[in-house]
Amino acid sequence: MEDLGRKWYVIKTISGQEKKVKLYIENEVRNNGFQEYIGKVLVPIEKVIQMRKGKKIHREKVHYPGYVMVEANLEGETIHAIKNVPGVINFLSEGKGSTAIPIPMREEEVNKMLGKIDQLSENYYENISIPFIVGETIKVIDGPFTGFNGTIEKIHEEKRKLELSVLIFGRKTPLELNFTQIEKI
């Protein structure tokens, strides 16, 4: 991560223009030779399934609306080049006005954003015994079905997930959740 002194920074943008800002910054890097100062530019996106007219529609949704992450070394003209991109409001920074100093993201935030799991949490999950059994009633504590009770149908030890059915509007709905998203009643 520390190649060429680059760190990850968060840029505030006009909401809805995150992808345009990403393209503008990438063009700025290409056209003005900022390759050694600016690395990756990311707009974290999550895939969402919506129901429209009885059909499932797969959509991409910006995970952090109004923010773009950039890996950069903010020396020389780099900071001004990024701030002058159309749609950019400012860096997430400490202080106000002209004295504001952009704050780099912490390493654990970067790892989370990039989808990496640090070794400690991997080992943590390997050592947990599975406290659930098939047929047991549990409560969902995380996700869109928070607060619902469900019955465990299957347990997938290797994936650290389980399948359960939740009663929604009088119908059984199947769900697949992590062990950390549920608790015993």
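Calculation notes
- Residues numbered from 1 in each chain as written.
- Predicted model: local features only at pLDDT ≥ 70, side-chain atom pairs only at ≥ 80, totals over all residues.
- Heavy atoms only, no water.
- Helix = DSSP H or I, 4+ residues; strand = E, 2+ residues; numbered from the N terminus.
- Phe/Tyr/Trp six-rings, centres within 6.5 Å; stacked < 30°, edge-to-face > 60°.
- Buried < 20%, exposed > 50% of the residue type's maximum accessible area, 1.4 Å probe, protein only.
- Pairing = 2+ DSSP bridges.
- Axes fitted to C-alpha atoms, helices over the stretch in contact; angles between N-to-C directions.
- Polar contact = N/O pair within 3.5 Å; in protein donor to acceptor, adjacent residues only side chain to side chain.
- Contact = heavy atoms within 4.5 Å.
- Core = buried A, V, L, I, M, F, W, Y, C linked by side-chain atoms within 4.5 Å.
- Patch = residues over 30% accessible without salt bridge, like charges linked within 9 Å, V, L, I, M, F, W, Y side chains within 5 Å.
- Areas by Shrake-Rupley, 256 points an atom, 1.4 Å probe, with all protein chains shown as cover.
- Salt bridge = Lys/Arg side-chain N within 4 Å of Asp/Glu carboxyl O.

## Digging into unusual backbone geometry
No. 1: Here Phe 169, not a glycine, exhibits a phi torsion of approximately 50°, which is positive.
No. 2: Its place among the elements puts Phe 169 in the loop between strand S11 (161–168) and strand S12 (171–178).

## Details of the packing of aromatic side chains
No. 1: Counting across every chain of the model gives 2 aromatic pairs.
No. 2: Ring geometry for Tyr 9 against Phe 91: centres 6.1 Å apart, planes inclined by 85°, an arrangement best described as edge-to-face. Note that Tyr 9 is positioned in strand S1 (residues 7–13) and Phe 91 in strand S6 (residues 88–91), a separation of 82 residues in sequence. The pair formed by Tyr 9 and Phe 91 is uniform in burial state, with each residue classed as buried.

## Some remarks on the pairing of S1
No. 1: With 5 of its 7 residues buried, S1 lies for the most part within the structure.
No. 2: Examined bridge by bridge, S1 and strand S5 (residues 67–72) share 6 bridges and lie antiparallel to one another. Counterpart to Val 10 in the pairing with S5 is Met 69.
No. 3: Across 3 bridges, the pairing between S1 and S6 is antiparallel.

## With respect to the sheet that holds strand S13 (residues 182–184)
Strand pairing in a sheet is mediated by backbone hydrogen bonds. Such pairs are either parallel or antiparallel.
No. 1: Taken in spatial order, the 5 strands line up as S12-S11-S10-S9-S13 in an open sheet, and their pairing is antiparallel. Sheet topology places S12 and S13 at the edges, where each strand pairs with a single neighbour. Put simply, the sheet's adjacent strands are angled 45° from each other on average, direction ignored.
No. 2: For S11 and S12, the ladder comprises 8 bridges, and the chain directions are antiparallel. Following the sheet pairing, Leu 162 is matched in S12 by Leu 177.

## A short note on the side chain of Thr 78
No. 1: Tracing the backbone through its elements, the reader meets Thr 78 in helix H2 (residues 78–83).
No. 2: For Thr 78, a relative accessible area of 0% translates into the label buried.
No. 3: For Thr 78, the side chain forms a polar contact with the main-chain oxygen of Glu 75, separated by 2.8 Å.
No. 4: Not counting chain neighbours up to four residues away, the residues in contact with Thr 78 comprise Phe 34, Tyr 37, Ile 38 and Asn 73.

## Brief notes about the sheet that holds S5
No. 1: Strand order in the open sheet made by the 4 strands is S2-S5-S1-S6, with antiparallel pairing throughout. Looking at the sheet topology across the chains shown, the edges are occupied by strand S2 (38–42) and S6. The sheet shows a mean angle of 30° between the axes of neighbouring strands, taken without regard to direction.
No. 2: Of the strands in this sheet, S1, S2, S5 and S6 touch helix H1 (residues 18–32), which is tilted by about 165° from S2.

## A word on the nonpolar core
No. 1: The biggest cluster of nonpolar side chains holds 19 residues, and the ones touching the most others in it are Ile 11, Ile 25, Ile 38, Val 70, Ile 82 and Phe 91.
No. 2: At the level of secondary structure, the elements contributing two or more residues to this core comprise S1, H1, S2, S5, H2 and S6.
No. 3: Those residues in contact with Ile 38 that sit more than four places away from it in its chain are Arg 6, Ile 25, Val 29, Val 70, Glu 71, Ala 72, Thr 78 and Ile 82.
No. 4: Phe 132, Ile 152, Leu 164 and Ile 168 belong to the second largest nonpolar core, which has 12 residues in total.

## Concerning a nonpolar patch on the surface
No. 1: On the surface, Tyr 64, Tyr 67 and Leu 92 cluster together into a nonpolar patch covering about 250 Å² of accessible area.
No. 2: Positionally, Leu 92 belongs in the loop between S6 and strand S7 (93–94).

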